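Summary of the model geometry
Spelled out from the first residue to the last, the chains are:
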Amino acid sequence: MTDVKCRWPFPKEKWPLWWRICSPTVITIVGSISKFWLRYCTQVSIHNEEALHEILNNRPKNQSLVTVANHASCIDDPLLFGMLTYREYNSGRFRWSLGAHNICFTTNFTSYFFGLGQVIPIVRGEGVHQAGVNMALDRLDEGGWVHIFPEGRVNIENEFIRYKWGVGRLISDCQHIPMVVPIYHVGMDDVLPTRKPYYPRFGEKLTVLIGDPIDFTEMVIKLRNEHKDALEIREIITERIQTVMENLSKEAHMLHEDL
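Reference entry: report on the structure contained in this document. (Residues numbered from 1 in each chain as written. Predicted model: local features only at pLDDT ≥ 70, side-chain atom pairs only at ≥ 80, totals over all residues. Heavy atoms only, no water.)

Structural notes on the overall build of the protein
- Scanning the protein from terminus to terminus reveals eleven helices and eight strands.
- Since a compact globule built from 259 residues should have a radius of gyration of about 18 Å, the 18 Å found for the protein is in line with a globular shape.
- Across its three principal directions, the C-alpha atoms of the protein cover 50 × 45 × 35 Å.
- The 259 residues of the protein split such that 53% are buried.
- Look at the contacts in the protein between residues 6 or more apart in sequence, and 77% of them connect residues 24 or more apart. (Helix = DSSP H or I, 4+ residues; strand = E, 2+ residues; numbered from the N terminus. Rg over C-alpha atoms; globule rule 2.2 N^0.38 Å. Buried < 20%, exposed > 50% of the residue type's maximum accessible area, 1.4 Å probe, protein only. Contact = heavy atoms within 4.5 Å.)

What about unusual backbone geometry?
- Note that the residue after Lys196, namely Pro197, is joined by a cis bond; omega there is -5°.
- Notably, Gln118 is not glycine yet its phi reads approximately 65°, a positive angle.
- Considering the arrangement of structural elements, one finds Gln118 in the loop between α6 (108-116) and β4 (119-122).
- Even without being a glycine, Asn158 presents a positive backbone phi close to 50°.
- Structurally, the position occupied by Asn158 is in the loop between β5 (145-148) and α8 (166-172).
- Overall, the relative accessible area of 56% leaves Asn158 in the exposed class.

A short note on the packing of aromatic side chains
- Across all of its chains, the model carries 14 aromatic pairs by this definition.
- With centroids separated by 5.3 Å and ring planes inclined at 45°, the aromatic side chains of Phe36 and Tyr40 adopt a geometry described as tilted. You can see Phe36 and its partner Tyr40 sitting in helix α1 (residues 17-40), four residues apart, about one turn around the helix. Tyr40 shares its class with Phe36; the two are exposed.
- Ring centres of Tyr86 and Tyr89 lie 5.8 Å apart, and the angle between their planes is 70°; this geometry places the pair in the edge-to-face category. With Tyr86 and Tyr89 both in helix α4 (residues 86-89) and three residues apart, the pair spans about one turn of that helix. (Phe/Tyr/Trp six-rings, centres within 6.5 Å; stacked < 30°, edge-to-face > 60°.)

Topic: the side chain of Ser73
- Structurally, the position occupied by Ser73 is in the loop between β2 (65-69) and α3 (76-79).
- The exposure class assigned to Ser73 is buried, which follows from its relative accessible area of 0%.
- Here Leu192 takes part through its backbone oxygen, which lies 2.9 Å from a polar atom of the side chain of Ser73.
- Those residues in contact with Ser73, other than ones at most four positions away along the chain, are Val154, Met188, Asp189, Leu192 and Thr194. (Polar contact = N/O pair within 3.5 Å; in protein donor to acceptor, adjacent residues only side chain to side chain.)

Points about the pattern of salt bridges
- This structure, assessed with the given rule, holds eight salt bridges.
- Two residues, Glu159 and Arg153, come together in a salt bridge whose shortest N-O distance is 3.3 Å.
- Take Glu159: its relative accessible area is 40%, and that puts it in the partly exposed class.
- A relative accessible area of 35% means that Arg153 is categorised as partly exposed.
- Glu157 is paired through a salt bridge with Arg195; the nearest N and O atoms lie 2.9 Å apart. Of this pair, Glu157 sits in the loop between β5 and α8 while Arg195 sits in the loop between α9 (188-191) and β7 (204-210); the two residues are 38 residues apart in sequence, bridging distant segments of the chain. (Salt bridge = Lys/Arg side-chain N within 4 Å of Asp/Glu carboxyl O.)

Thoughts on the pairing of strand β3 (residues 96-100)
- The buried count for β3 comes to five of five residues, which makes it a mostly enclosed element.
- Residues Trp96, Leu98 and Ala100 point to one face of β3 and Ser97 and Gly99 to the other, with burial holding for every one of them.
- In this sheet, β5 lies alongside β3 in parallel orientation, the contact comprising two bridges. Each residue of the ladder has a partner; that of Trp96, found in β5, is Val146.
- Relative to β4, β3 is paired through four bridges, and the arrangement is parallel. Its bridge partner lying in β4, Gly99 is registered against Pro121. (Pairing = 2+ DSSP bridges.)

In structure tokens:
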């Protein structure tokens, strides 16, 4: 991969025994810390949580899933998924996430740690057809779950950022159009601030609002029938997701004020 300082963290063989042992171990350890932190170290309020559990546990085997969330702090993922059950951590269908190569993959140790935690390196500026996006698409084609922050970076200023089109490609190019679950959270940058001093705060308010699942199948078929090219389809899907997230943001902020 271009500009990545260390080796691609995933084995060429899919998946060797050492990976099948180490990856669930890393996921369970990090998940346990996240569960404890979320439940006992924050004043968390999670809304519509059952919608996420329902689609995680009861979707058909070949039904892929994309979750999208705003990116407010470096702790967003994994802390968000402290809401999951241990069964969901170890179901074999746990989330794959996309992480910045120059932050998460700067040494061999961190590369393997994040890789075993099912985080895929993404190189900013290399576009929607880079190796990391291709791998995420492969996981979706297998009926997997990919989590993405469409803003593409931590939004320190809480400003408008146009969503990156990679999320549009994951939906439009998947063999089975994935269900999309939007998630908006407020207060994560109070739990782990984005400005100095960078240390966790305890007892902070945190609101997580999970939106209803969105099925893009009809939209994608319609756009294809209208002979839209791949770029147009990705753009339209991405804009639709951003609109949904903006509406979810308004509701999440109102809930947070009442917390």
